[in-house]
Amino acid sequence: MTATPAHRICPFCEACCGLEVRLDDQGRVASVRGHDADVFSAGFMCPKGVALKDLQDDPDRLRTPLIKRNGVFEPASWDEAFDEIERRLVPLREKHGPHAVAVTAGNPSSHKMGLMLYYGRLFKAMGTRNAYSASTLDQMPKQLSSGLMFGHWLSIAVPDIERTDWLLVLGANPVASNGSLWTVPDFRGKARALKARGGQLVVVDPRRTETAELADRHLTIRPGGDVYLLLGMVATLFEEDLVDLGAAAPHVTGVDEVRAAVAPFPAEAVAARCGIEAEQIRRLARELAAAPRGIVYGRMGTCAQPFGTLCSWLIDVLNTLTGNLDQPGGVMFPRAPAFQANSEGKPGSGRGIVTGRHHARVSGAPEVFGELPMVCLAEEIETPGDGQVRALITIASNPVLSAPNGPRLSRAMEGLEFMVSLDIYLNETSRHADVILPGLAPLEEAHYDVAFHQLAYRNAARFSAAVLPSPAGHVPEWQILLKLIAIAKGLGARADVVALDTEMLRADLAKSAGDQADELLAALAPLVGPERHLELALRTGPYGDGFGAKPDGLTLAKLKAAPSGIDFGPLQPRLPGLLRTPSGKVELAPPMLLADLPRALADLQQAAPEFVIVGRRQVRSNNSWMHNLPTLAKGPFRCTALVHPSDAARLGLVDGGRARIARGDTTSIDAEVAVSDEVMPGVISLPHGWGHGLPGVKLSVAAERPGVNLNDVLDETLRDPLSGNAVLGGVAVQVAAL
Ligand SMILES: Nc1nc2c(c(=O)[nH]1)N[C@H]1C(S)=C(S)[C@@H](COP(=O)(O)OP(=O)(O)OC[C@H]3O[C@@H](n4cnc5c(=O)[nH]c(N)nc54)[C@H](O)[C@@H]3O)O[C@H]1N2
Ligand SMILES: Nc1nc2c(c(=O)[nH]1)N[C@H]1C(S)=C(S)[C@@H](COP(=O)(O)OP(=O)(O)OC[C@H]3O[C@@H](n4cnc5c(=O)[nH]c(N)nc54)[C@H](O)[C@@H]3O)O[C@H]1N2
Ligand code: SF4
Ligand SMILES: [Mo]
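Keep in mind the model is a prediction, meaning the values are calculated, not measured.

Asker: Tell me what's going on with the site of ligand 2, and back it up with residues and numbers.
Answerer: The local shell around ligand 2 holds 29 residues, among which Asp205, Gly224, Asp226, Arg617 and Ser621 are the closest. In this structure, an oxygen atom belonging to ligand 2 sits 2.6 Å away from a side-chain N or O atom of Asp205. Here a nitrogen atom of ligand 2 sits 2.6 Å away from a polar atom, N or O, in the main chain of Ser621. The fraction of the free accessible surface of ligand 2 (920 Å²) that becomes covered by protein chains is 95%. Among the elements of the structure, α6 (174–177) and α13 (300–303) are those that each provide at least two residues to the shell around ligand 2. The biggest single contributor to the shell around ligand 2 is α6, with three residues. For the shell around ligand 2, a count of residues per class yields ten nonpolar, 13 polar and six charged. Both domain 1 (141–180 + 188–333 + 578–600) and domain 2 (609–737) contribute no fewer than three residues apiece to the shell around ligand 2.

Have a look at this one:
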């Protein structure tokens, strides 16, 4: 075993734990553990981090490109694969135009530096309106509400958990998920510290989750009821004269509009619909207002529902109205060392954001943050006519399992003229591809977390060098993306992509730095690719050396010399400099959101569905793709449907038996039942990302216990109309014993 461990930021979830990797004498991974000295995660890790070893060693992980010939995948050289793509994609684009090629980017795209820094460039080079990502299965509502309120899609306020006194967690399960839109390794430890100093943790969730187990109080809520709970809380603040904006007051506009808008939603009017008594709703509002420092935090459960954007907005309205916006112990804006878009440009105001610059051809859904809703992809492929999608490029994306109505997407993909998957597995989605291009394993590449330091509980920077050498000739993902960019630009599959990268950067710099572009480019030499972007971002970032202007400032070399990372301290208030709204204020009452309230009021008059399904994240699982790693796959079967004992009795379901879960007459799945009062009556809970039993998939470990795909019974016609986000919970189903 090697004496000195290597350090690697875990690429699997948003917590970004610093890990310590030891190799054996043959250069194979011997052990993975938490890196105690890591300035950000202090030794914390979860079982998934250990699975880095399994991922490295997984014989099913693809090591060479595959080309499908006569329906059979054959290994191919990189040149053959890129040539094939050029041969088939170029004429297709010439004939049908750029919108005929759709591109999807999935979750791991934000966890690998090479993908994160280049997939947006591919979207742009393709010039297609058919750009899709996991964002519209996930967090687009929060990005939209934050963009409207603060002026930038990435100005997301995160809980300052270490200094708060009261934390309401709504529709999130950070003990299992390790946090989302909130980079917070060891949530459990931080929650315990909150309680130890006399603070309170309150959880609102249809299920008594691992996080609820830790809470001082757990309230169950009817799935989809959050918008009403939140409106009732905001209304209570006004009715009971509890509004006090504190230090943010001079920077906020729209308080009176919010007061008027929430008046039709007093706690008593919304209580039945969310299944929380009016007195409890009022109590939550009072406690938040009374806490010296308090926070409302919401995540997947509040985003992936028909009123996702309203929920996301109301959460920040509550934080703002109680003086907890941009204050220690409230929700605050990180200032990441690199790539933090809202640290760039003129501080204090900007252009704000817009949506609907174009619309989906079939549904008319508005473009949001440059993307169309993932739930619209299938119909864009199926529906003939001008602008029909005929080719697809998936980047670390498995929508057949991760998007509602996977079977429909599968059928649509079969009808494509051409499909390319950048993926490390032959799985439920990539099996439909004509060419699969595998990325390097995480340990074979350097990493800086581009995305998640922008959402972190504390300001810090870490860099991981590659732990293992990359196999000879393997093209790294940033170069794969550049190859596709070269093909899109007509430069051909054999283009020198490193030179292309330099030319693209030179063009960017000419826009941002004018005359100094060449000088900057020279200063960045000899770096290329992602590390060159990183060096530029660090040095021009908020802690950077400004290329010599601040000699003590940060450079990539300094970061590399600090294997445990560099800490920049707790979050600091950033108003008003952070704002990029045209008004230069926090827009508490964006017209687009107020205009959506009548829809909520109309829905309030409807009866809630009797029996609904929700998802369930589990510690040993990560979305759709880690069930092939033995260390995670072992143990009890986890793709079980939780039902409350009262529902089980009513429906004749027994623990360990099977249930048919159906939506209407056409779609159903059969799942193993686990009877438990963990879930509230009227709700069935099934994890997502399973269903590996499809033909043509090469996942030998996952295939042993494939589970069923929750998304097979979800409804792709449901979405939050503002953000386009899919509805992944609270969907009405019929359940029967088998
Ligand atoms: N019902 C329901 N559905 C959900 C959710 C839910 O809560 N309920 N959650 C949603 C959310 S939040 C998200 S983010 C999405 C996630 O859904 P997706 O964005 O589809 O992401 P994953 O399911 O993680 O699949 C990742 C894909 O990337 C591949 N991959 C893994 N590592 C690499 C790599 O290093 N390089 C490349 N090129 N490929 C790689 C995997 O093999 C897999 O094909 O699922 C969504 N779907
Ligand atoms: N172990 C593990 N970690 C992960 C992932 C994983 O798959 N496995 N995925 C990663 C990804 S991509 C993401 S986006 C994050 C997500 O991180 P979180 O949002 O923290 O994770 P979820 O478990 O989806 O939490 C959603 C919670 O909402 C509840 N819920 C469902 N419907 C409703 C509702 O209508 N109202 C309310 N109030 N609650 C509701 C569910 O019971 C669940 O407990 O996790 C990340 N981390
Ligand atoms: S919590 Fe997330 S980042 Fe940390 S070890 Fe687990 S998967 Fe990796
Ligand atoms: Mo996600």
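What follows continues from the structure just given.
Asker: So what's going on with the nonpolar core? Which residues, and what values?
Answerer: Core analysis: the biggest nonpolar cluster contains 100 residues, and Leu167, Phe187, Leu201 and Leu229 have the highest contact counts within it. A per-element tally of this core places helix α9 (residues 226–239) first, with ten residues. Dropping the residues within four chain positions of it, Leu201 is found in contact with Leu167, Val169, Phe187, Ala191, Leu194, Thr211, Leu214, Ala215, Asp216 and Arg217. In this structure, Trp78, Leu89, Ile395 and Leu534 belong to the second largest nonpolar core, which totals 58 residues.

Asker: Go over unusual backbone geometry with me, naming the residues and quoting the values.
Answerer: Along the chain, Ala525 connects to Pro526 via a cis peptide bond; the corresponding omega equals 5°. Checked against the element boundaries, Pro526 lands in the loop between α20 (517–524) and α21 (529–540). Put simply, Leu575 and Pro576 share a cis peptide bond, and its omega is 0°. Mapping Pro576 onto the fold places it in the loop between β21 (566–570) and β22 (586–587).

Asker: Just give me the short version of the site of ligand 1, but keep the residues and values in it.
Answerer: By nearness alone, 27 residues border ligand 1, and Ser402, Asp423, Asn427, Glu477 and Ser624 come closest of all. One of the side-chain nitrogen or oxygen atoms of Glu477 is found 2.7 Å away from a nitrogen atom of ligand 1. Within the contact set of ligand 1, a nitrogen atom lies 3.4 Å away from a side-chain nitrogen or oxygen of His688. Its residues placed into classes, the shell around ligand 1 shows twelve nonpolar, ten polar and five charged.

Reading the values: rules and limits
- Residues numbered from 1 in each chain as written.
- Chains lettered and ligands numbered in written order.
- Predicted model: local features only at pLDDT ≥ 70, side-chain atom pairs only at ≥ 80, totals over all residues.
- Heavy atoms only, no water.
- Near = heavy atom within 4 Å.
- Polar contact = N/O pair within 3.5 Å; in protein donor to acceptor, adjacent residues only side chain to side chain.
- Areas by Shrake-Rupley, 256 points an atom, 1.4 Å probe, with all protein chains shown as cover.
- Helix = DSSP H or I, 4+ residues; strand = E, 2+ residues; numbered from the N terminus.
- Nonpolar A, V, L, I, M, F, W, Y, C, P; charged D, E, K, R; others polar.
- Domains from an automatic or database assignment.
- Core = buried A, V, L, I, M, F, W, Y, C linked by side-chain atoms within 4.5 Å.
- Buried < 20%, exposed > 50% of the residue type's maximum accessible area, 1.4 Å probe, protein only.
- Contact = heavy atoms within 4.5 Å.

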